[in-house]
Amino acid sequence: MSGSGLNIQSDRQMRYDNMCHKKLVNQQKVDRTLRLLRRSELMETISNEVSRELSMHRVEKNNMVMRNQGADSKRSKSTFV
């Protein structure tokens, strides 16, 4: 057992290793939270852009329908006159 003492960590080394591990775990938590926030912001931005585009297309479609109905009513009036 003469070499076994070389493999045993001292209390100081174990405390240091534990401290480093805690710092690493805390940093990972912070990084994970930041990634989640960024992902959420991107999803919100994309969702808003898609909603805005769909709304614009609906408005354009409604405007075209209204123009076509107006043109149809003018044509029908002119044919009967």
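Residues numbered from 1 in each chain as written. Predicted model: local features only at pLDDT ≥ 70, side-chain atom pairs only at ≥ 80, totals over all residues. Heavy atoms only, no water.

Some details on the overall build of the protein chain
Alright, step 1. The helix and strand tally for the protein chain stands at one helix and zero strands.
Alright, step 2. Scored against the burial criterion, the 81 residues of the protein chain give a buried share of 0%.
Alright, step 3. Surface accessibility of the protein chain: about 8000 Å² in total, with carbon and sulfur atoms responsible for 58%. (Helix = DSSP H or I, 4+ residues; strand = E, 2+ residues; numbered from the N terminus. Buried < 20%, exposed > 50% of the residue type's maximum accessible area, 1.4 Å probe, protein only. Areas by Shrake-Rupley, 256 points an atom, 1.4 Å probe, with all protein chains shown as cover.)

Notes on a nonpolar patch on the surface
Alright, step 1. A surface patch of nonpolar side chains, amounting to about 380 Å² of accessible area, comprises Leu-42, Ile-46, Val-50 and Leu-54.
Alright, step 2. When you line up the elements, Ile-46 lands in helix α1 (residues 11-80). (Patch = residues over 30% accessible without salt bridge, like charges linked within 9 Å, V, L, I, M, F, W, Y side chains within 5 Å. Salt bridge = Lys/Arg side-chain N within 4 Å of Asp/Glu carboxyl O.)

Thoughts on a positive patch on the surface
Alright, step 1. Residues Lys-29, Arg-32, Arg-35, Arg-38 and Arg-39 make up a contiguous surface patch of positive charge.
Alright, step 2. You can call Arg-32 partly exposed: its relative accessible area is 48%. (Lys, Arg positive; Asp, Glu negative; His and termini not counted. Charge placed at Lys NZ, Arg CZ, Asp CG, Glu CD.)

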